[in-house]
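# Inside the fold
Residues per chain, in single letters:
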Amino acid sequence: MSEGIVYWLQQLLNALQLGSIYGLIALGYTMVYGILTMINFAHGDVFMIGAFFCFLAAVYLGLPFAPVLLLTMIGTALLGVAIERLAYKPLRHAPRVSAIITALGVGIFLENFTLALAPYPKHIPALLENTNWNLGGVSVSSLQIIIICLSLGLMFLLDYVVHRTPVGMAMRAISWDKTFVPLMGVPVDLVISVTFAIGAGLAGAAGTMYGLAYPVIDPYMGIMVGWKAFISAVVGGIGNIRGAMIGAFILGGVEIFVAAFLPSTYRDFVAFALLLVLLIVRPYGILGSPRIQKV
Amino acid sequence: MRKVLALAIATCLFSFGFTVSAAEKTLKLGVIAELTGDMPAVGASCKNAAEMAVKEINAAGGVQVGKQKMKVELVIEDNAGKADQSAAAAQKLITQDEVLAIVGPNASRYAIPASEIAESSETVLITPWSTNPKTTLDTTTNKPKKYVFRACFIDPFQGGVLAKFALEKLKAKNAAVLYDVASDYNKGIAEVFKASYEKQGGKIVAFETYTTNDKDFSAQLTKIKDAKPDVIFLPNYYSEVPLQVQQAKRLGINVPFIGSDSWGSNELLTLGGADLNGYYFSTHYAADNAAPVAKKFIEDYEKTYGAKPDDVAALTYDAFGLLFGSIKSAGKADREAIRAALSTLPSYKGVTGDMKFQADSRDPIKSAVVLQIKDGKFTYFTNANP
């Protein structure tokens, strides 16, 4: 292969890896917004806690990859449900800005709680044997393949759950109408809990995979990644699950390719300028649709 | 009601005045350290060494000030790894705690804002570890600040050392640099390295950046791989370097990496492990090749804290040595007198080597060492001067 194509393919692979991690986190933002029209700003920090659960399970329990991933996902799912019950549920009928401020507060609490217990950055040991392949000049690592495949797998699983199962139908129904759907016997509180559990569980999976790809973790790691995932969700059309995945791959791609073909100092401002232009053209995001406000 | 209030205020004032007069017999010194935030290992080393230096001097009866010996009291502030909190901590130490002088912060991006406060409040500040020239330089007049000193060498010196090392010892004609563009230290030394390397006949084939807290460097590293360098320079902090080296290896990059004194924390080894074996970095002192003065310090530190002192610890200890020496020669506990004494202090034999402030400069003249990471340890490799 010519050198130009090799370079391009290598960067494409980098973009896929980054995009799949953003995507797993973006799903949590978009699901909660879809159901409660609330932005769960603590979500990035749930992702951070996921990475720390992964660290605990790997170092103190000495478990291999699959149980670590499972335990982390269960741990963050329970955390997500607990946050919703303790912090958001009492405010469900309060002004929306109160819920958003509470979410920010929960995020800051999680950061500083972790900081108090683990002030030093932690190193996650290699849970998977990594092999590097050289495919005609393109360097592919087994870790990259696992991250991309596992993320895509989880995304399609979620898409199936939301569009093809009774729980998913209940979720979509509640996001459609919160007044009459409960009258039809849909247990709203339970469905909301399930939504938070799934969203936080996916963030836990993202935290584990992030910890494998970038094995130095610290209590502030969730802030920037959380913002980027949130932006992915908005670009894709917040509230829309397929949109969040598309948005994440677009953001990952734009970030990588701007740094790849322009001086890397331009990365963030060119990347975000492009996203702004995209939102001007499609204000509701790529797959989003305007919500009709009934007065 | 008004009477009660007046009485309360009077009581407050009285008790405040009372504590001040009770503390009059001690010398109050401030420390600003990165205890939390993104480089807590740096702050911990700084705090440990500061406490050790003060304990030692107090055990010896205190600092000789004129005819009497005065005990030292330490006030330690955390800057939380933030520039604004560094400035706030300096402000608090100077106006509220009324310290005589300040040691810290360590990283340049925190030392620079704190130094501005110290300078405008006319209080001596010695930064142990900040190597960026701007820390001791007034950027509006381009003259040295009057009250800000440091215990370490500066980046133009270090960049020159590394450029020469890469060209002569590693025989690398093409170098790539990846650095944090949002951090004063990293940016400063990357630019100095580039200029010095090119001046000495090398070629910079890639000069890539990222911003603080980035974890994914794959785009930049792929670009660097494409430029085919013989050596890669990573003038970044210890928590980021392991990620950069690991990702580079995953992309199939197999050239040596070199670094600067920001690598010098033991945490680098914990976080990086075997990935960093065989690579080099320049720093302030080598614990395994130290002068006799340093040996005692290293032994005592290991005994107290159970770890080898890193460069931050050694430099903090030296900063306190400089401070005690200047208070003694000033002969009085006065901010201005300490400043005058510090700038004319004769050569000081510290843990990190001999140092002396030149007339009209706040940066001591001293030399650097290059260490190699070997079997999970920092090993002395060579002495270095540009």
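Up top is the structure.
Residues numbered from 1 in each chain as written. Chains lettered and ligands numbered in written order. Predicted model: local features only at pLDDT ≥ 70, side-chain atom pairs only at ≥ 80, totals over all residues.

## A word on the overall build of chain B
Threshold: Strands here mean DSSP runs of E at least two residues long; helices mean DSSP runs of H or I at least four residues long; both are numbered from the N terminus. Atoms counted for the radius of gyration: C-alpha only. Globule rule: 2.2 Å times residue count to the power 0.38. Every C-beta atom is placed from the backbone, and the number of other C-beta atoms within 10 Å of a residue's own sets its class: buried at 20 or more, exposed at 12 or fewer, partly exposed in between. What counts as a contact here is a pair of residues whose C-beta atoms, placed from the backbone, lie within 7 Å.
Counting its regular elements, chain B contains twelve helices and 19 strands. Rg of the C-alpha trace for chain B: 22 Å, near the compact-globule value of 21 Å for 386 residues, within the 12% margin. Principal axes of the C-alpha set define a box for chain B whose edges measure 80 × 50 × 45 Å. Counting across all 386 residues of chain B, residues that qualify as buried make up 54%. When contacts within chain B are restricted to residue pairs at least 6 apart in sequence, long-range pairs at least 24 apart make up 68% of them.

## Focus on the overall build of chain A
Per the secondary structure count, chain A includes ten helices and four strands. Along its sequence from the N terminus, chain A presents helices and strands in the succession α-α-α-α-β-β-β-α-α-α-β-α-α-α. Taken over the C-alpha trace, chain A has a radius of gyration of 19 Å; the compact-globule value for 295 residues is 19 Å, and the two agree within 12%. The principal-axis extent of the C-alpha atoms belonging to chain A is close to 60 × 50 × 35 Å. Burial analysis of chain A (295 residues in total) assigns 50% to the buried set. Residue pairs in contact within chain A that sit at least 24 positions apart in sequence constitute 77% of those at least 6 positions apart.

## Overview of the nonpolar core
Here is the rule: Any set of buried Ala, Val, Leu, Ile, Met, Phe, Trp, Tyr and Cys residues joined through C-beta atoms within 7 Å is what this text calls a nonpolar core. Boundary definitions for the domains trace back to an automatic or database domain assignment.
The biggest cluster of nonpolar side chains holds 211 residues, and the ones touching the most others in it are A:Ile25, A:Ala206, B:Ala90, B:Ala114 and B:Leu323. Formed jointly, this core draws a minimum of three residues from each of two domains, domain 1 (27-153 + 290-366) and domain 2 (156-283) of chain B. When residues no more than four places from it in sequence are discounted, the contact partners of B:Leu323 are B:Leu29, B:Ala101, B:Val103 and B:Ile126.

## Things to note about the interface of chain A and chain B
Often the size quoted for an interface is simply the accessible area lost on bringing the parts together. As a reminder, the rule being used: Basically, the charged four are Asp, Glu, Lys and Arg, the nonpolar ten are Ala, Val, Leu, Ile, Met, Phe, Trp, Tyr, Cys and Pro, and anything else, Gly included, counts as polar.
The interface is formed by 26 residues belonging to chain A together with 27 residues belonging to chain B. Here the element with the most residues in the side of chain A that touches chain B is helix α1 (residues 3-36) of chain A; it accounts for five residues. Residues that form the side of chain A that touches chain B fall into these classes: 14 nonpolar, ten polar and two charged.

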